[in-house]
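The primary structure of each chain is shown beneath.
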Amino acid sequence: MSAIGRRSIEDAIQPTRRRSFSAPAIDPWIILGAIGLAVISYLAISGATKHDVPGNPGYFANRQAIYAAGGLVFAAILTRIDYRVFEQYRRLVWGILIASNLLVFAFAANTRGSTRWISLPFFQLQPSELGKVLLTVSIAGFGVEYARRMSDPRTTLRLLGIAALPAGIVALQPDLGTALVYMTIGCAVLVAGGAPTRHLLAVVAGALIAAVLVLSILPSAGVNLLRPYQVDRLTGFINPSADPAKATYQVNQSLIAIGSGQRLGRGTVGATQTGLDFLPEHHTDFIFAVIGERWGFVGAALVIALYALLLWRAVRLVLLARDGFGSLLCAGIVAMLGFQIFVNIGMTLGIMPITGVPLPLMSYGGSSILTTLMALGLLQSVHLRAAHPAAAAVRTRVRV
Amino acid sequence: MIEPTESRGLAPSSARLGRRVAFLGALAFVLFGFLLLRLWYLQVLDGDAYLAKANNNQIRDVAIAAPRGRIVDRQGRVLVDSRPSTAIVVLPGRLPEDGSKERADVSMRLSHALGLSTQTAPCKTQRGFQSLTPLGCRIEKEASDLPYANIIIKGDASRSEASWVLENRRSLHGADVSRIWLRSYPEGAVGAQLFGTVGEITAAQVNKPRFAGIDQGTVIGQSGLEYEYDRYLRGHDGAERIQVDASGQARRTLQRQNPVPGKTLRLSLDLGVMKEGQAALNTAISLGSGDPASAAAFVALDPRDGTVVGLGSAPSFDPSVFAKPISNARYRAMFGPGAAYPQLNRAIQSAYPTGSTFKPVTALAALTQNAITPATTIDDPGSIKIGNLIFHNAGNEANGPVDLTSALRVSSDVYFYRLGAKLNSTRSAGGPIQEWARKLGFGQLTGIDLPGEVGGTIPTPHWRDERKAQEAECAKKRGHPCGLSDGRGWSIGDSVNLAVGQGDFLASPLQLGVAYAALVNGGTVVQPRVAQDVRNDEGLVLQAVRSAPSRKINISTKDRDAILEGLRQAAMAPGGTSADVFGNFGRTIYGKTGTAQRAGQADQAWYAAYIPDRVRPLVIVVTVERGGFGAASAAPAARLIASQWLGVKKKLVAGSSKTL
């Protein structure tokens, strides 16, 4: 038992000082945030989907609860495992990431024009979701390995390539939102891994150029990398009321749902946008609008606050992690969660494009909740092993 | 457990990492701040507006059409009914944006699904010319005329058409299925002009005081009784506030105001007489001797109080054709000159010279002026010279010496020519004939409870001069004669013509009926009435229709009896002008034939009859345009109607008398 073994060494070195700090432990704030969000998710889903499956009002909510429970088990296991073991398997992990996402094309069932799922007997696995964690692990591993060569532009390019290849595969599924999550994770690792600032500026410039190319220049030259509906969604949020019949219909309905919630919300019965199906995807992508309509500003702000709490704890861990790998892992997870939270909520509020990114812990979906809880498990694993200034001090001594 | 490898990386807590994490943390803080601000803006600052939008999403106010009241005959037999129908409608307010491709798309898809023309053509809209289907063009026009009214695209839509619209409601913005009421006419063309038609209130009507308070899209009476008694027949539409889901499906009713059906209008008409009258007119048209007789009309009324028992005009039409939109070309073919204007109610809306049926009026004038007594005889050599004009009997037949009774029996024209000459007056209002014509209701509206009645003409010296002046003015303006007048002043010949109901004299069949009623009832000039009362569903009388007080004129019993005896002999005695029609009728009947000469066309046949009865007396007037001699076509039709009324065996007997 490595953890126990290490602890006994620490005890041996600093028997007196240890006592003045609390024991290295899991972060209760992360647990509080996760449980709080999961409970809100359960309530929101059970209210919104009451009539979706005839004769089974709890269909979606119960499944979400089961997924969350399963996810918690995975999180507990990951907490127990020392995250550092994953570093050596970064290539394998990346391979699994690529293979599983390719597998989708071979085995996947078609759903709404996208091919994202692998059907398991009890579960529809979405490899691109799980891939968020896999990519974080493998790219953090790479970042640590090449930490001393970060000033080399080739390192930056390779790192971006590690993210870009799976992102490209996922984009073909097509799942543009998740592809962007992958790229964001890559960028976060670049930032936290110590890439020179000029590289970062170049990446930002490159991203802007790519966006302009894909959305405007190439289509006018007859090359369409994105499907028309994707372009509509990406650009529609700029003028949501232009065409109520098409892409922006969803955003308009979402704005109406959230706005009509006012300060305290309309309750379950009064939430007509949700109850009468005006709000599309009410239990998945637009669940935040359900919360906004039902519980108003108070409820929506509480959810945002809980996310802020989670992110704060994760950002803090970037600095407190025992080693570079843990630090980069946390940075990737911060990016993964932060991007999804901001893009999803921003989408429901009409200030971000529609990209189909789920809201972590909140949107209905086993793969998503499993992935998020695994990420939180990794955070706890990092926290458990390096969460204290005391531990940091101990580690310094050990190193010295 | 898996053993961790020792990290080869840098110690993470470098100053640079710290700066960067701080920067990212600040960035995240700012982004979350954005989210909260936006949330605050949406929910707290703009919440009311979004709540209104949410309600607008889920709440639909739907009008529930109220059925119009029934129109029933004197015995409660249904003449006009309402039936429910499924209609495909377009709600202009919910159509896609003006001039958009989606908007044109909706009408194109509807045209396609409803089997209408999908050929597009330039259509003038508020946004200039657009290429639209005929349906799309109609929608644009109606939407700009009456923006708050549902446009009925198709009444009597089939089940599959309706379900197609319902299934596609989400993409067919503005289209919906609605339950409407249509008029049904169990008796088809019988009385079509009398009952009239209904239609949505038009853009021109909407601002008229008569229609104040009527919403756009409301179906109102547009002609006939439907128009006259619209405020009773029209119900009050109900309204329903329903909650709908995103697919437009109603989830529950939030509020409901039930529609109030229109009241039942009970008429004094007798369905049997109406049907027989309509059939008799068609028979009379076929009996007509002239050019193909084209049209006919009849009136049957109770002489005591003007209660109308039957009133009809031929040709008629099936009013149910108006349940569906009708193209202009089809409308012209069905209702234009080629079809002899079947919408015209000739019993009240056409004025004709009445020919010899006018003679009793001349007789009354002469008797009251003491110009003659009933016993005065005048020699009838077949023609007479008055001034420098020679007036003939029909066929120049010489009747020899005739008194009043025999003059009426054989319809001696010379007798009445003489009276016309004798009673001529150059006073501007004319002489006793004009005076009596006026007293009996000619030249003015009878006041019947139907719209569009005409008043006819009683020619006088003043009227002639007026027409002459009008003609002069008109000719000056247009530069060519207008045909209003021949430019002649009043002459004795005009009086001679008037005495036999010719010349410039014009009257509607109804006016003639009212005049005969006054003659037979002893001088009461009645105001004819078609409606009897307004009832509710349970048959309770809510309002009785009262006619304005009738006028009473003085007719001495002696004069009246002398004239009626002439009319009785004309119908029943050997040698009477319609004796071969009514001689074997078996009941006492008074009747006068008329054959009016009309410029440029065959003679118009007339018959005016009176069936005396203590309980149910009746005056019948029949006229047949281009029907030839009165005895040939009008009298047989009158006999059919009389038989129906009396419940005796109907027999078609055409007369041969060639009198005017």
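Cut-off values and rules
Residues numbered from 1 in each chain as written. Chains lettered and ligands numbered in written order. Predicted model: local features only at pLDDT ≥ 70, side-chain atom pairs only at ≥ 80, totals over all residues. Helix = DSSP H or I, 4+ residues; strand = E, 2+ residues; numbered from the N terminus. Buried ≥ 20, exposed ≤ 12 C-beta atoms within 10 Å, placed from the backbone. Contact = placed C-beta atoms within 7 Å. Rg over C-alpha atoms; globule rule 2.2 N^0.38 Å. Pairing = 2+ DSSP bridges. Axes fitted to C-alpha atoms, helices over the stretch in contact; angles between N-to-C directions. Domains from an automatic or database assignment. Nonpolar A, V, L, I, M, F, W, Y, C, P; charged D, E, K, R; others polar. Core = buried A, V, L, I, M, F, W, Y, C linked by C-beta atoms within 7 Å. Parallel < 35°, antiparallel > 145°, perpendicular 65-115°, else oblique. Left-handed = near helix turned anticlockwise from the far one by under 90°. Expected span 1.5 Å × (residues − 1). Bend = angle between axes of the 7 residues up to and from the residue.

Describe the overall build of chain A, and please don't skip the residues or the numbers.
When its secondary structure is counted, chain A shows 17 helices and two strands. Going through the 400 residues of chain A one by one, you find that 52% of them count as buried. Sequence separation of at least 24 residues holds for 69% of the intrachain contacts in chain A that already meet a minimum separation of 6.

Before we move on, could you go through the overall build of chain B and cite the residues and values that matter?
Secondary structure assignment for chain B yields 21 helices and 25 strands. Computed over C-alpha atoms, the radius of gyration of chain B comes to 36 Å, more than 25% over the 26 Å expected from 2.2 N^0.38 for 660 residues, which places it beyond the range of a compact globule. In terms of overall dimensions, chain B has C-alpha extents of about 150 × 60 × 40 Å along its principal axes. Taking all 660 residues of chain B together, the buried fraction comes to 47%. Counting contacts in chain B only where the partners sit at least 6 residues apart, residues at least 24 apart contribute 71% of the total.

Account for the sheet that holds strand 24 (residues 601–611) of chain B, naming residues and giving values.
Across a sheet, paired strands are connected by hydrogen bonds in the backbone, their directions being either parallel or antiparallel. All names here are of chain B. Strands sit in the order 14-13-25-24-23 across an open sheet of five strands; the sheet is antiparallel. Bordering the open sheet on either side are strand 14 (308–314) and strand 23 (590–598), each of which pairs with just one other strand. Neighbour-to-neighbour, the strand axes of the sheet open up by a mean angle of 10 degrees, direction not taken into account. The sheet contact formed by strand 13 (residues 295–301) and strand 14 spans six bridges and is antiparallel. Bridged to Ala-300 within strand 14 is Gly-310. Together, strand 13, strand 14 and strand 25 (618–625) form the strand contacts of helix 9 (residues 271–287), whose direction differs from that of strand 14 by roughly 35 degrees.

Requested: an account of the domain arrangement of chain B, with residues and values cited.
Residue and element names in this part refer to chain B. In terms of domain boundaries, chain B breaks down into domain 1 (65–267) and domain 2 (271–320 + 345–531 + 541–646). Taking only C-alpha atoms into account, the centre of domain 1 sits 45 Å from that of domain 2. Counting residues at the interface gives 25 residues for domain 1, matched by 19 residues for domain 2. When contributions to the side of domain 1 that touches domain 2 are tallied by element, the ones reaching two or more residues are strand 7 (175–184), helix 6 (192–195), helix 7 (224–228) and strand 12 (264–267). Taken together, the residues of the side of domain 1 that touches domain 2 sort by class into 12 nonpolar, seven polar and six charged.

Would you mind going over the nonpolar core in detail, with residue names and values included?
By size, the foremost hydrophobic cluster in this structure holds 125 residues, and its most contacted members are Phe-298, Ile-620 and Ile-641 of chain B. Looking at which element gives the most residues to this core, the answer is helix 21 (residues 630–646) of chain B, with 10 residues. Those residues in contact with Phe-298 of chain B, other than ones at most four positions away along the chain, are Gly-277, Ala-280, Leu-281, Gly-310, Gly-312, Ala-347, Pro-509, Ile-620, Val-621, Val-622, Ala-637 and Ile-641 of chain B. Core analysis: the second largest hydrophobic core is formed by 118 residues, Phe-86, Leu-320, Leu-328 and Leu-349 of chain A among them.

Give a description of the packing of helix 12 (residues 359–368) of chain B against helix 14 (residues 413–422) of chain B that names residues and reports values.
Relative placement of two packed helices is described by the angle separating their axes and the distance separating the axes. All names here are of chain B. Closest axis-to-axis distance for the helix 12/helix 14 pair is 10 Å, and the angle between their directions is 50 degrees. As summarised for this structure, helix 12 and helix 14 are arranged oblique, according to the angle between their axes. Helix 14 is crossed by helix 12, and the crossing has left-handed handedness. Residues Lys-359, Thr-362 and Ala-366 of helix 12 form the contact with helix 14, whose participating residues are Phe-416, Leu-419 and Gly-420. Partitioning the contact of helix 12 with helix 14 into residue classes produces three nonpolar, two polar and one charged.

Got a sec to walk through the sheet that holds strand 10 (residues 238–244) of chain B? Specific residues and values, please.
All names here are of chain B. Within the open sheet, the three strands sit side by side as 1-10-11. Their pairing is antiparallel. Each edge of the open sheet carries a strand with a single partner, namely strand 1 (59–64) and strand 11 (250–257). Each neighbouring strand pair of the sheet contributes to a mean axis angle of 30 degrees, computed without reference to strand direction. One ladder, built from six bridges, connects strand 10 with strand 11; its direction is antiparallel. Note that in strand 11 the partner of Arg-241 across the bridge is Gln-255.

I'd like a description of the interface of chain B and chain A, backed by residues and values.
Contacts between the two partners involve 44 residues from chain B and, on the opposite side, 50 residues from chain A. Contributions of two or more residues to the side of chain B that touches chain A are made by helix 1 (15–45) and helix 2 (47–58) of chain B. Tallying contributions element by element places helix 1 of chain B first for the side of chain B that touches chain A, with 18 residues.

I'd like a description of the packing of helix 14 (residues 287–320) of chain A against helix 15 (residues 324–348) of chain A, backed by residues and values.
All names here are of chain A. Packing of helix 14 against helix 15 leaves a shortest axis separation of 10 Å and a crossing angle of 165 degrees. The angle between helix 14 and helix 15 places the two elements in the roughly antiparallel class. The interaxial crossing formed by helix 14 with helix 15 has left-handed handedness. Contacts from Phe-288, Ala-289, Tyr-307, Leu-310, Leu-311, Ala-314, Val-315, Leu-317 and Val-318 of helix 14 reach helix 15 at Ser-327, Cys-330, Ala-331, Ile-333, Val-334, Leu-337, Gly-338, Ile-341, Asn-344, Ile-345 and Thr-348. Considering only residue class, the contact of helix 14 with helix 15 consists of 16 nonpolar, four polar and no charged.

Explain the environment of Val-62 of chain B to me, and be specific about the residues and the numbers.
Residues and elements named next belong to chain B. Mapped onto the secondary structure, Val-62 falls in strand 1. A count of 18 C-beta atoms within 10 Å places Val-62 in the partly exposed class. Residues Val-62 and Val-299, spaced 237 residues apart in sequence, show a C-alpha to C-alpha distance of 44 Å. Ignoring anything within four residues of it in the chain, the contact list for Val-62 reads Ala-239, Glu-240 and Ile-242.

Quick one: what's the story with unusual backbone geometry, residue by residue and with numbers?
Residues and elements named next belong to chain B. Cis geometry marks the peptide bond from Ala-314 to Pro-315; its omega dihedral reads 0 degrees. Mapped onto the elements of the fold, Pro-315 is located in the loop between strand 14 and helix 10 (328–335). The backbone phi angle of Asp-156 is positive, close to 55 degrees, even though this residue is not glycine. Mapped onto the secondary structure, Asp-156 falls in the loop between strand 6 (151–154) and helix 5 (159–167). Even without a glycine there, the phi angle at Tyr-341 is positive, about 45 degrees. By the secondary structure assignment, Tyr-341 is in the loop between helix 10 and helix 11 (346–349). With 18 C-beta atoms counted inside 10 Å, the residue Tyr-341 sits in the partly exposed group.

Could you give an account of the pairing of strand 25 of chain B, with specific residues and numbers?
All names here are of chain B. Of all the eight residues making up strand 25, eight are buried; the element is thus mostly covered by neighbouring parts of the structure. Burial of strand 25 is two-sided: the residues Leu-618, Ile-620, Val-622 and Val-624 facing one way and the residues Val-619, Val-621, Thr-623 and Glu-625 facing the other way are all buried. In this sheet, strand 25 lies alongside strand 13 in antiparallel orientation, the contact comprising seven bridges. In the sheet register, Leu-301 faces strand 25, and the bridge partner there is Val-619.

Could you give an account of the environment of Val-653 of chain B, with specific residues and numbers?
Residue and element names in this part refer to chain B. With respect to the helices, strands and loops of the structure, Val-653 is situated in the segment after helix 21. Taking the C-alpha atoms as reference points, Val-653 and Phe-582, 71 residues apart in sequence, are found 8.0 Å from one another. With residues near it in sequence (within four places) discarded, Val-653 still touches Val-581, Pro-636 and Arg-639.

Describe helix 9 (residues 197–220) of chain A, listing the residues and the values that go with them.
Residue and element names in this part refer to chain A. Here helix 9 is 24 residues long and its end C-alpha atoms lie 34 Å apart, about the 34 Å a rise of 1.5 Å per residue gives. The principal kink in helix 9, of about 50 degrees, is found at Leu-213. Little of helix 9 is tucked away: two of the 24 residues are buried.

Outline the pairing of strand 13 of chain B, listing residues and values.
Burial within strand 13 of chain B is extensive, with seven of its seven residues counted as buried. In sequence, strand 13 of chain B turns back onto strand 14 of chain B through a hairpin of six residues, with Gly-306 of chain B there showing a positive phi of about 80 degrees.

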